[in-house]
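Next come the chains, spelled out residue by residue.
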Amino acid sequence: QVQLVESGGGSVQAGGSLRLSCVISGLTDGNKCLGWFRLAPGKEREGVASIYTDDGTPYLAGFVKGRFTTSQDGAKNTVYLQMDNLGTEDTAKYYCGIKEARAGSNSCAVWLRYANWGPGTQVTVSS
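Read on for a plain summary of the structure. (Residues numbered from 1 in each chain as written. Predicted model: local features only at pLDDT ≥ 70, side-chain atom pairs only at ≥ 80, totals over all residues. Heavy atoms only, no water.)

## Topic: the packing of aromatic side chains
Working step 1: In the structure shown here, the tally under the stated rule is three aromatic pairs.
Working step 2: Where Phe37 meets Tyr114, the ring centres are 5.0 Å apart and the plane angle is 65°; that geometry is what we call edge-to-face. Of this pair, Phe37 sits in strand 4 (residues 32-39) while Tyr114 sits in the loop between strand 9 (92-100) and strand 10 (121-126), and the two are 77 residues apart along the sequence.
Working step 3: Given the relative accessible area of 7%, Tyr114 is considered buried.
Working step 4: Geometry around Phe37 places Arg45 over its ring, the cationic atom sitting 5.2 Å from the centre. (Phe/Tyr/Trp six-rings, centres within 6.5 Å; stacked < 30°, edge-to-face > 60°. Helix = DSSP H or I, 4+ residues; strand = E, 2+ residues; numbered from the N terminus. Buried < 20%, exposed > 50% of the residue type's maximum accessible area, 1.4 Å probe, protein only. Lys NZ or Arg CZ within 6 Å of the ring centre and 35° of its normal.)

See the structure below:
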């Protein structure tokens, strides 16, 4: 069973930065997408960014493009979400999930079928 654990959240003022980490254990195969999602009170879960684990290709939701990016370490055991120029609208609990890239790497940009969610890490941005 693949397990994911997020960390790196905290409180930051608007305009600040945070880097979230997602540690992956139990992964035995390639061709995976690792996705970052967030959930704020009163809102539905939304996809933020994803990465194709075979080559590290990132995919970013339009509302974070230019501010956030995602990457992975060489061992593919940790995926990072670098968040710059944070705004109050980014306040949410952030989760990572994983899925098979069954239709190729571009499948990672489709915010469906992600599973094995970690416990999440809270990001709070103050104005």
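Continuing now.
## Re the pattern of salt bridges
As a working rule, side chains carrying opposite charge can pair if their charged atoms are close by.
Working step 1: Applying the stated rule across the entire model yields five salt bridges.
Working step 2: Where Glu46 meets Arg38, a salt bridge forms, and the shortest distance between an N and an O atom there is 2.7 Å.
Working step 3: Of the residues examined, Glu46 reaches a relative accessible area of 22% and is grouped as partly exposed.
Working step 4: For Arg38, a relative accessible area of 5% translates into the label buried.
Working step 5: Residue Glu46 is joined to Lys43 by a salt bridge in which the shortest nitrogen-to-oxygen separation is 3.9 Å.
Working step 6: You can call Lys43 partly exposed: its relative accessible area is 48%. (Salt bridge = Lys/Arg side-chain N within 4 Å of Asp/Glu carboxyl O.)

Nothing here speaks to function; it is geometry throughout.
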